[in-house]
Amino acid sequence: MKILSFVAFSIFIFVIESRPNENVKQTCGYDSCHPTKSDAINVHLVPHTHDDVGWLKTVDQYYYGSRNNINKAGVQYILDSVVDELIKDPVRRFVYVESAYFDKWWSDQNDQRRHHVKRLVAEGRLEFAGGAWSMNDEAAAHYHSVLDQLTWGLRFLNDTFGECGRPKAGWQIDPFGHSRELANMWSLSGFDGLLLGRVDYQDRRRRSNSKELEMLWRGSDDLGVGSDIMTGIMFNTYSPPPGFCFDILCTDEPIIDNPNSPDYNVDKMVENFLEYVNDAQSVYKTNNIIITMGGDFTYQNANLWYKNMDKLIKYVNEREPKVNLLYSTPACYIKSLYDSNAIWPVKQDDFFPYASDEHAYWTGYFTSRPTFKYYERRGNNFLQVCKQLYAMTNLNARDKVDLNMLRTAMGIMQHHDAITGTEKQNVAKDYERILENGIQDCLVVVQEAMTKLMSEKSELYETPSSSESNSKDYYLPMTLCQLNASECVISETNDNFVVTVYNPLGHTIDDYIRLPIAGNTYDVTSASGEKVETQIVAISENVLNQLKTRNSIATKELVFLVEKLPRLGYKSFYVQKTNSSEIQTKRPSTYNKLESRKKHASEGTKLNHESRNKIKNSHSNLSNEQSLTIGNEYIQVSMDPNTGYVGSISQIENNKTTTFPLVQEILFYEGMSGNNNVSENRASGAYIFRPKSAEPLLITDKPINKVVKGKLVEEIHQRFSDWASQIIRVYRDRGYVEFEWLIGPIPIEDKVGKEVISRFTTDFKSENTFYTDSNGRQLLKRILNKRPTWKLDVHEPVSGNYYPVTSMISIKDESSKKSLFVLTDRSQGGSSLKDGQIELMVHRRLLHDDAFGVEEALNETENGLGLVARGTHYLVIGKDDDNVPPLVFSKILALSKLLQPAVLFTSGDNLTMLEWKQNKNEFNGISSFLPPNVHLLTLEPWKGKSVLLRLEHFFQKKDSPDALSNPATVDLEQLFSKLKILSVRETNLAANLWKSDMNKMEWTTEEDMAEEFNDKYNPDYDSERLRIFDEPSVLMMNGFEKSPYTVGRRDKNYNFLKKKIKRDENKFVISLDPMEIKTFVVEVEFR
Ligand SMILES: [Zn+2]
């Protein structure tokens, strides 16, 4: 069976900028592993340090070791010290993980030191695991950003160390739960195995009893064996055995081996260690176990560790021949599992939610710090804009430095204490600073690129008015605005301004733009010189009242439709105020008046009648003429006149109206307070969601509604209290409803923390089943009070059923083929606790710490007031036999909301109408056709004259059979209008290995994987074991040359591909199967 060889790859992939010294012998990778013994328990000691990229201290404070009063941690000293100790003895090993820190440290080293370190890496003594910029979170992080930061971290390692710097093991030891989509990504990125620290305590117990802590995990049913990865859950998370922490941060005893010393302890230490080995070995399948020797910011003095580990190895091996203690690495451990010939269990679901005990469900962080989570998502949006524009416009080296700021900033944001919202407040502020700097630096890149594109046909640069205009550095000033806060200096204060809208999608789209304004009438002129239809909408009074920190004089928004926005292209508009009579310089005083926020206590009345009853009521009232209704020719939202809440949504297709009873409410849970001494006293906090009661409270039973109707958009401005309101909105021609919630400042005068949800209740028979996305990609089935691989004891009926919603959550009524999708604009926690219901947690403000280390309550404030969060849920409802089924509609909508057009503002002072008219005001970056099921995931400058290109088929096999789920073909040759493609070479997903060099280990499993996990997992499913087939079978994976899913594929019926192009007929023509992502290094020339 062992036909694959594990010789280290001798070729350096890509042009590496600094090669390891030629004289250094390359013996890294599996060749450098210390030998194991078949007749002994091989104990793999893995020395490591867990260096959070920000948590209690900022990234820089951790790196430099400042603010040690908070936490004695300095990463620079760790790396200094470890390198010294590794040089002393070639037997020693160390694994390093976070490229964000290693890059910082590397840039501080001199040539001699670098030479030494390259040697250590080349000899496999210093190994990288994970290797992404940070150790990303797996719940709130979006796959787009995870992939970017994995690529960026691995590229640094590849550039610096070549093949020996390529991590072979994934190392996700601290994230709070693990996602299936990331298992897929680790596998496709060429990792041979994945090691995890935290899994649910019940899951761990069950797996320990049945020796199933190690398994073959399938990341994607669509991609099959290509997405499998060997996965191990470690015995002690990532800590050393109790009593064996030899760190300056610890108080454990060193090994004292002088027999004359009164403190001689070798016998005791060896005995204790062997006892631990015995315990650990009893729950694993093979005669190999991994023991992590390290912890958070350990090894600032590595001598302590190595001196004691050297002794430990010596004495244990001397005294117990049945144990072989050795220095090892994660990769060497995976290799030993491979060599063991064991037969492994399989896994196809994920590791969410994570609970560390009965009352500690780590499901609060899915929502913690909602405004930061939104900002991070926008950061990704702008990073893609910036990368694309750079790649298409041939900018200079300095711009690359600016681009890298946002690349690295977004890498930091994915860290499992950043995007999660589980860091201290000061650190959160610093993350915002880092992201803001990255965005501002990238804005310079965008301005230069846009100026280049816009000036193509213009005389702009020859304008002799300014000497600067001849300078190459000249660029058209463009700014971004906080449109989420309805504020924008340029649109509010200028009578004339330019709005340039850039579309980062590979598809043409229509999009509505909203500009905050202070005037009354405006003309918007398009690139073709025509007047664009507009509507002016008053900013909701609730927004003016609640968003106290808003720095704006705008009281209205100018709405217009940008039609047919080109692919990777832009359209520019000139906006002129036509009635300059009154600029409101200040808000009406009533807006500034702070209404009593003590009201909430009386407002928080129990929901005294079930939402289902409301549905009945509203249904019977649908014919009521007085019903408040907004909508368009496709979708209508009707308010229930009795309750003031939404009562139903109607969908109109082919003149046929289908009405779905639907109630939407804003409610809140009261967060549990407690001293955290024992599990029952656990408080709700940044990590943990623990409501006092399973029944949330309604803020009011009498919302106040105001209707706004116009040609382009219809809205209901709905107020629940002085801290909770929303706008329900339907744009013309749009088949979905927006619920723009505005929550805060959450009142805490009653000393009770609150966790606010938006809840949608329908009459669907969803049979306790719902679906949530995995990191914005595949949808996973969830069943109330159930887990796929063990019988769940339910101790927390609400939070134990919360799952991460990175982009969407849905329920179905199988009998009537109805589905409801709710899409989010950031990561949130969500669930379906009752049949027909969906809830999403939008904001939380808590007064107690939950005792998992952050030592602060999640009580975010701004200017002394509780933080206000504003966001949007996009609701899609319909039937599976609709022209565009809700699932297909939702997937396309989610993409357009993830990568929204960038709206850039230029003051009319910088660009007159006349000057603007001379510009190229419309640009299309993609000149050929991109199939509708293909997403242009990545276009970024790579090395030399190459760009990195990723194309993704974003439908699953079963999403749209015989239509969008069909394979797709793309001809790269004529794809880009600005780039002439010279050569194309495919890489692995993370772009650090040529695809032709990819090898996969083969593993033998106890059973076959289910063809579709979501189909097998049902409410009556026996969760004791995921046993589907009885016969063991060998899974074969022979590189990626032959796609494992070629057999049985749907090659016929390409109903949207007019022209059939044979594969391999043209080297620039590539094909994509459902959920496949292909990554290419493309050499280009600018056209
Ligand atoms: Zn951590």
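Counting restarts for each chain, with residues numbered from 1 along the sequence as it is written. The predicted origin of the model limits local features to residues at a pLDDT of at least 70 and limits the giving and counting of side-chain atom pairs to 80 or more, whereas totals for whole chains, interfaces and linings rest on all residues. The basis for the side-chain values is all heavy atoms of the structure; hydrogens and waters are excluded.

1. Things to note about the sheet that holds strand E5 (residues 193–196)
At step 1: Taken in spatial order, the five strands line up as E4-E5-E7-E6-E11 in an open sheet, and their pairing is mixed. The sheet is open, and its two edges are formed by strand E4 (169–172) and strand E11 (346–347), each paired on a single side.
At step 2: The contact rule is simple, with two residues in contact once any of their heavy atoms fall within 4.5 Å. Axis definition: a line fit to C-alpha positions, over the contact stretch in the case of helices; interaxial angles, taken between N-to-C directions, run 0 to 180 degrees. Secondary structure elements are taken from DSSP: a helix is a run of H or I of four residues or more, a strand is a run of E of two residues or more, and numbering for both begins at the N terminus. Packed on one face of the sheet, helix H6 (residues 180–188) meets E4, E5, strand E6 (214–218) and strand E7 (228–233) and runs near 115 degrees to E7.
At step 3: Against the sheet, helix H10 (residues 330–339) touches E4, E5, E6 and E7, its axis set at about 115 degrees to E5. A pair of strands counts as paired when DSSP detects no fewer than two bridges linking them.

2. Observations concerning the side chain of asparagine 42
At step 1: Its place among the elements puts asparagine 42 in strand E1 (residues 41–47).
At step 2: Accessible area is worked out with a 1.4 Å probe on protein chains only. A residue is then buried under 20% of its type maximum, exposed over 50%, and partly exposed in between. Classification of asparagine 42 as buried rests on a relative accessible area of 1%.
At step 3: Setting aside its immediate chain neighbours within four residues, asparagine 42 contacts Thr36, Lys37, Asn287, Asn288, Ile289, Asn324 and Leu326.

3. Looking at the sheet that holds strand E8 (residues 288–293)
At step 1: One open sheet holds the three strands; their spatial order is E8-E1-E9, and the pairing between them is parallel. Only two strands of the sheet have a single partner each, and these edge strands are E8 and strand E9 (323–327). Mean inter-strand twist for the sheet, computed between neighbouring axes without regard to direction, equals 25 degrees.
At step 2: Looking at chain direction, E1 and E8 are connected through six bridges and run parallel. Bridge pairing in E8 places valine 43 opposite isoleucine 289.
At step 3: The strands touched by helix H8 (residues 266–281) are E1, E8 and E9; relative to E8, the strand with the most contacts, the crossing angle is about 125 degrees.

4. Regarding the coordination of the zinc ion
At step 1: Only nitrogen, oxygen and sulfur atoms count as donors, using a 2.8 Å cut-off from the metal that widens to 3.2 Å for Na, K and Ca. Water is left out, so coordination shells may look unfilled. Protein coordination of the zinc ion is provided by His50 (NE2), Asp52 (OD), Asp174 (OD) and His416 (NE2), with donor distances spanning 2.0 to 2.1 Å.
At step 2: Considering all four donor atoms around the zinc ion, the spread of angles at the metal, 92 to 164 degrees, places the coordination shape in the irregular class. By the criteria applied here, four donors are tetrahedral when all angles lie between 85 and 135 degrees, four are square planar and six octahedral when opposite donors are over 155 degrees apart and every other angle lies between 65 and 115, and any other arrangement is irregular.

5. Observations regarding the packing of helix H2 (residues 75–88) against helix H3 (residues 99–107)
At step 1: Close contact between H2 and H3 brings their axes to 10 Å; oriented N to C, the two are set at 75 degrees. Judged by the angle between their axes, H2 and H3 are roughly perpendicular. Taking contact as the criterion, the partners of Val75, Gln76, Leu79, Asp80 and Val83 in H2 are, on H3, Tyr101, Phe102 and Trp105. We call two directions roughly parallel when the angle between them is under 35 degrees, roughly antiparallel when it is over 145, roughly perpendicular when it lies between 65 and 115, and oblique otherwise.

6. Some details on the state of the cysteines
At step 1: Whenever a pair of cysteine sulfur atoms sits within 2.5 Å, that pair is classed as a disulfide. Under the definition given, this model contains five disulfides.
At step 2: Between the sulfur of cysteine 28 and that of cysteine 164 lies a disulfide, 2.0 Å long from S to S. Its S-S torsion of about -75 degrees marks the bond between cysteine 28 and cysteine 164 as left-handed, since a negative value means left-handed. With a gap of 136 residues between them, cysteine 28 in the segment before E1 and cysteine 164 in the loop between helix H5 (143–161) and E4 connect regions that are remote in the sequence.
At step 3: One disulfide bridge connects cysteine 33 with cysteine 332, the sulfur atoms lying 2.1 Å from each other. Across the S-S bond linking cysteine 33 and cysteine 332, the dihedral sits near -90 degrees, which makes this disulfide left-handed.

7. Points about the environment of asparagine 785
At step 1: Following the sequence through the fold, asparagine 785 ends up in the loop between strand E31 (779–783) and strand E32 (803–805).
At step 2: Sequence separation between asparagine 785 and asparagine 768 is 17 residues, and the spatial gap between their C-alpha atoms is 8.6 Å.

8. Overview of the pattern of salt bridges
At step 1: Counted as salt bridges are all cases of a side-chain nitrogen of Lys or Arg within 4 Å of a carboxyl oxygen of Asp or Glu. A full pass over the atoms with the stated rule returns 59 salt bridges.
At step 2: Its salt-bridge partner being arginine 92, residue glutamate 85 comes within 2.9 Å of it at the nearest N-O pair.
At step 3: Here glutamate 715 and arginine 729 are joined by a salt bridge, their closest N and O atoms 2.6 Å apart. Here glutamate 715, found in strand E26 (residues 713–721), pairs with arginine 729, found in strand E27 (residues 724–731); they are 14 residues apart in sequence, far enough to count as distant. The same class applies to glutamate 715 and to arginine 729, which are both buried.
At step 4: Connected via shared salt-bridge partners are Arg514, Glu557, Glu715, Arg729, Glu738, Glu740 and Arg870.

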